[in-house]
Amino acid sequence: MNRRNRRHRCGPRLWAAALVLVTALGLAALPQLTASAASAAEGPAVTLSKSQAGTGGSITVSGSGWRSKTLLMMLICGQSEPGRGVIGGTNSCANADGRAVTTGDKGTFSKKLPVAEPPVPCPCVVHVATVTGDKAQADAVLKVAGHPVKALPAQSGGGKLSVLTDTRLDGSSGVLTWFGAPASRTFVFTVGNVGSAPLKDPVFQVGTSHGVFAPQWEDQQWRGTIAPGRKAQIKLPVELTSGAHGNYLVSLKFGGKVLAEQPWGVGRPWGVTLFWILLCVVVPAAVFRIGMAVVERVRPRRSGGAGRHRGVLRFPELAARRPTFHPRTAREPDAPTEAGTRTTTTTALPWFTPDTDPGAPAGQLSAPSDNSPTTKGNT
């Protein structure tokens, strides 16, 4: 009974100790959770080691609040402000001197960036944006020493646009696109003016990107006026380079902010592949035919009476050269001559003529056996 009472008394004490330990751990981790939540709420941020630097130097760019293990691109861009973004897109940035960096487990990074003059005047910023995944960007003001400065274009009143419907790409590829012609579509979307001032002839920026590459932005102006609280359907042309194929992403930007994105799958131009295959088959065949015609033209021709020239023997010539075998004539009985001797008559071999018989003396037409010393005399 005493043991049971001790167990019942120790049980509540253990539970109380465990509860106190968990509470202490939670209070210790609360500041870290609060800091991470605050950074996530604030969004991505960028800070610089120097606010002003000259061409040829370098600055250290640090960031926080980004997604972990995310690939980022850092660029020095002109005609930019943190509030308005990069006017003109990446065409206003020093793309050749950009750097890529990957965030750590806590969404932070720190890396050196060489200072280069952008292709447009300042004000300048260090523009950091994600390459893959969800779009996120942040800017930090940088003064490039010695680079010209020009005021930014004034904003058109208080008009602001917002995309109201889903975007789409109208159009289809033709036969010429199958043979490598540039693929083109019409980017269709509906926007509404949520500002307090009308927008007249707004300028949009349409960019196309492939894979991990940054979009190539192009300014396109839409003719018309959008009153406050009104909406309008916008149609902008989009065209790729010759022979482009694969998965592309069409982006729409207005006022330095990306309003919409639309994927675009472009098929491979199989007509070009078929053309090269036919070219590899037809050209060798044509060369072979031309070579055979040249050989037939330049080889020597045989004369009509030349029978010993090297060449192809035809059947009439073989028949003319074939030796003719004549049957041996019947042997006549030995007849006495005037001197009373016998003579034997033989027939010459068919393949030897009297002039070409190797065994007969010159001028003799009879068989060699007639001149043998064993010729019998008169009986």
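Residues numbered from 1 in each chain as written. Predicted model: local features only at pLDDT ≥ 70, side-chain atom pairs only at ≥ 80, totals over all residues. Heavy atoms only, no water.

With that settled, the discussion passes to a nonpolar patch on the surface. A grouping of Val-175, Trp-178, Phe-179, Trp-270, Leu-274, Ile-277, Leu-278, Val-281 and Val-282 is seen on the molecular surface, where their side chains present a nonpolar patch of about 920 Å² in accessible area. Looking at the nonpolar patch, the elements that each hand over two or more residues are helix H2 (175-178) and helix H3 (270-298). Residue contributions to the nonpolar patch peak at six residues, all from H3. (Patch = residues over 30% accessible without salt bridge, like charges linked within 9 Å, V, L, I, M, F, W, Y side chains within 5 Å. Areas by Shrake-Rupley, 256 points an atom, 1.4 Å probe, with all protein chains shown as cover. Salt bridge = Lys/Arg side-chain N within 4 Å of Asp/Glu carboxyl O. Helix = DSSP H or I, 4+ residues; strand = E, 2+ residues; numbered from the N terminus.)

What follows deals with the environment of Leu-169. Turning to its location among the elements, Leu-169 is positioned in strand S12 (residues 168-170). Considered as a pair, Leu-169 and Thr-186 are 17 residues apart in the sequence and their alpha carbons are 5.4 Å apart. Those residues in contact with Leu-169, other than ones at most four positions away along the chain, are Arg-185, Thr-186, Phe-187, Val-250, Gln-262, Pro-263 and Trp-264. (Contact = heavy atoms within 4.5 Å.)

As used in these notes, a disulfide is a covalent bond between sulfur atoms, one from each of two cysteines. Tallied over the full model, the rule gives two disulfides. Between the sulfur of Cys-77 and that of Cys-93 lies a disulfide, 1.9 Å long from S to S. Here the S-S torsion is close to 95 degrees, and the disulfide linking Cys-77 with Cys-93 is therefore right-handed. Residue Cys-77 is found in strand S4 (residues 71-77), and its partner Cys-93 is found in the loop between strand S6 (85-86) and strand S7 (99-102); the two are separated by 16 residues along the sequence. Exposure remark for Cys-93: the relative accessible area of 4% places this residue in the buried category. Between Cys-122 and Cys-124 runs a disulfide, and the two sulfur atoms are separated by 1.9 Å. Negative torsions about the S-S bond denote left-handed disulfides, and the value of about -90 degrees found for Cys-122 with Cys-124 makes this one left-handed. Shown here for the chain is a disulfide pattern of 1-2, 3-4, where each number marks a bonded cysteine counted in sequence order. (Disulfide = S-S within 2.5 Å. Buried < 20%, exposed > 50% of the residue type's maximum accessible area, 1.4 Å probe, protein only.)

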